[in-house]
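Structural overview for review
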Amino acid sequence: IRKLFSYMIYPKIFWDSFDQFYSKVRSDLPNYQNVIDISNLFSDNQQQIFIDHVHYNAKGQLIIASEIRKNIYESLPCKK
């Protein structure tokens, strides 16, 4: 839905250029340390998580924060 709505605001070529750019960034991610790739976090999401065509609402921000927290916690050497 987000992309469908966004295509009404920005042309498809605009979004295709984003897809190409982030595809390149994701392919380079294994070469970087301390990177948490959440690019596919919302791939299967059906919830309303945007307040417009690009900005996340509180629910979307919580999902992102939870994923980052989980990744940081898993990388900690000492867990209580």
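Before any of the text, the structure's been laid out above.
Structure report, in brief. Quantities reported herein were computed from a predicted structural model and do not represent experimental measurements. (Residues numbered from 1 in each chain as written. Predicted model: local features only at pLDDT ≥ 70, side-chain atom pairs only at ≥ 80, totals over all residues. Heavy atoms only, no water.)

Counting its secondary structure elements, the protein chain contains three helices and zero strands. When the helices and strands of the protein chain are read in sequence order from the N terminus, they spell out α-α-α. Buried residues in the protein chain amount to 12% of all 80 residues. Long-range pairs, those at least 24 residues apart, make up 31% of the contacts in the protein chain between residues at least 6 apart in sequence. Carbon and sulfur atoms form 58% of the exposed surface of the protein chain, whose accessible area is close to 6800 Å². (Helix = DSSP H or I, 4+ residues; strand = E, 2+ residues; numbered from the N terminus. Buried < 20%, exposed > 50% of the residue type's maximum accessible area, 1.4 Å probe, protein only. Contact = heavy atoms within 4.5 Å. Areas by Shrake-Rupley, 256 points an atom, 1.4 Å probe, with all protein chains shown as cover.)

To continue, consider the packing of aromatic side chains. To describe a pair of aromatic rings, you give the distance between the ring centres and the angle between the ring planes. This model, assessed by the stated rule, comprises five aromatic pairs. Directly above the aromatic system of Y73 lies the positively charged group of R69, at a separation of 5.3 Å from the ring centroid. (Phe/Tyr/Trp six-rings, centres within 6.5 Å; stacked < 30°, edge-to-face > 60°. Lys NZ or Arg CZ within 6 Å of the ring centre and 35° of its normal.)

With that settled, consider helix α3 (residues 58–75). Relative to the 26 Å expected for 18 residues at 1.5 Å per residue, α3 spans 26 Å between its end C-alpha atoms, a close match to the ideal helical length. Capping the start of α3 is the job of one residue whose side-chain oxygen sits 3.0 Å from the backbone nitrogen of K59: N57. (Expected span 1.5 Å × (residues − 1). Polar contact = N/O pair within 3.5 Å; in protein donor to acceptor, adjacent residues only side chain to side chain.)

Our focus in this paragraph is the side chain of N57. In this fold, N57 is placed in the loop between α2 (12–28) and α3. Among the residues examined, N57 registers a relative accessible area of 16% and is labelled buried. At 2.9 Å, the side chain of N57 and the backbone oxygen of Q48 are in polar contact. Within the structure, N57 has its side chain in polar contact with the backbone nitrogen of K59 (distance 3.0 Å). The contact partners of N57, leaving out residues within four places of it in the chain, are Q48, I49, F50 and I51.

Any link to function would need more than the numbers given here.
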